[in-house]
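Structural description and commentary
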Amino acid sequence: VRSPSEITEALLLRSVDYRDADRVVTLLTQRFGKAAFIARAARRSRKRFGSSLQPLALLSVQVGSGRGALGVLAEAQVTRAFPRVLADLGRMHAAFAALELLRELTVEHEPDDAVFTTAVALLAALDEGVAEPQSVLLCFTARLLALTGFSPRLDRCGLCGKQADAARAALFDARLGHLTCRACGGAPARLSGATRTRLMRAAGADWIGAARFGWPRAELGEARAALREFIEQRIGRELKAASLLPAAAEER
Ligand SMILES: [Zn+2]
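Residues numbered from 1 in each chain as written. Predicted model: local features only at pLDDT ≥ 70, side-chain atom pairs only at ≥ 80, totals over all residues. Heavy atoms only, no water.

1. Quick notes on the coordination of the zinc ion
- The protein atoms donating to the zinc ion are C157 (SG), C160 (SG), C181 (SG) and C184 (SG), with metal-donor distances spanning 2.3 Å.
- Viewed at the metal, the four donor atoms of the zinc ion are separated by angles of 105 to 116 degrees, and the geometry they form is tetrahedral.
- Each donor residue of the zinc ion belongs to the same chain, and together they define the spacing C-x2-C-x20-C-x2-C.
- With relative accessibility at 46%, the residue C160 sits in the partly exposed group. (Donors = N, O, S within 2.8 Å, 3.2 Å for Na, K, Ca; no water. Tetrahedral: all angles 85-135°; square planar, octahedral: opposite > 155°, others 65-115°. Buried < 20%, exposed > 50% of the residue type's maximum accessible area, 1.4 Å probe, protein only.)

Rendered as structure tokens:
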């Protein structure tokens, strides 16, 4: 953010108390990508930001450059709320898991319109209840991985290049991020042909269509376990246990 004051749409990814009255917020903004800003007096003055500094809402924010690396958040308003996400535990869990993924998989100060649009579409899809929240989250995850350049290789062996038979199960190595055929030594996780086909479809532009299609429970389980492990390998730490695809919400 260079000029003193710019307006952009944003999602709140994280908010941390700072000093006596301030907050440091991490926003995913449309124009400036992921960035941290200081919201002065956010905790002291309710007038300043009202209840607008909340996650799971589309915000319009006015930001400016600060003295150091931190920008300054001058104003924030909710421009679109997703009330049915807040009213349903399963949808809310999925939305928070998506925010965690956005936090972990995006790069600071690298705006990406497709990522931002997809993030807003995720909240809208959960709000409208287009499919089971876990199915929406899983397809969003596959799409986000594709948009951020981290897609696992699910169509062929990553070592010898042999095409995997789409009708049969194949072995997936989350650490290497690709299939490894038996001739090349195999891999720990088994992914059915249907799961791989669905995940590859979800990585495309019509990820919401892939979510609508519905996932049988067994396929959903093996797909999410594979993606979760793959992501944790990429980012070098565990995703919060209660966050990505929580078991409690799955049983709903
Ligand atoms: Zn091979």
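2. Concerning the pattern of salt bridges
- Tallied over the full model, the rule gives 11 salt bridges.
- Measuring nitrogen to oxygen at the nearest pair gives 2.5 Å for the salt bridge that ties R237 to E104. On the criterion of sequence distance, the pair formed by R237 in the loop between helix 8 (217–235) and helix 9 (247–250) and E104 in helix 3 (residues 89–105) is long-range, its members being 133 residues apart.
- Between R201 and D206 there is a salt bridge whose closest N-O contact spans 3.7 Å.
- On the accessibility criterion, R201 (38% relative accessible area) is partly exposed.
- You can call D206 partly exposed: its relative accessible area is 46%. (Salt bridge = Lys/Arg side-chain N within 4 Å of Asp/Glu carboxyl O. Helix = DSSP H or I, 4+ residues; strand = E, 2+ residues; numbered from the N terminus.)

3. Here's the deal with the sheet that holds strand 2 (residues 22–29)
- Judged by pairing direction, the barrel is mixed, and its five strands sit side by side in the order 1-2-3-5-4 before closing back on the first. When strand polarity is set aside, the average angle formed by the axes of neighbouring strands in this sheet is 50 degrees.
- Pairing analysis gives two bridges linking strand 3 (residues 33–39) to strand 5 (residues 71–81), with the strands arranged parallel. The residue of strand 5 that forms the bridge with I38 is V72.
- Helix 3 contacts strand 1 (6–18), strand 2 and strand 3 of the sheet and is inclined by roughly 100 degrees relative to strand 1.
- Across the sheet, helix 4 (residues 113–128) touches strand 1, strand 2, strand 4 (57–64) and strand 5, and the angle it forms with strand 1 is around 75 degrees. (Pairing = 2+ DSSP bridges. Axes fitted to C-alpha atoms, helices over the stretch in contact; angles between N-to-C directions. Contact = heavy atoms within 4.5 Å.)

4. Quick word on the packing of aromatic side chains
- By the definition in use, this model includes one aromatic pair.
- With centroids separated by 5.9 Å and ring planes inclined at 65 degrees, the aromatic side chains of F140 and W207 adopt a geometry described as edge-to-face. One end of the pair, F140, is in helix 5 (residues 133–147); the other, W207, is in helix 7 (residues 207–212), with 67 residues separating them in the sequence. With respect to class, F140 is no different from W207; both count as buried.
- Sitting over the face of the ring of F213, R201 holds its NZ or CZ atom 5.6 Å from the ring centroid. (Phe/Tyr/Trp six-rings, centres within 6.5 Å; stacked < 30°, edge-to-face > 60°. Lys NZ or Arg CZ within 6 Å of the ring centre and 35° of its normal.)

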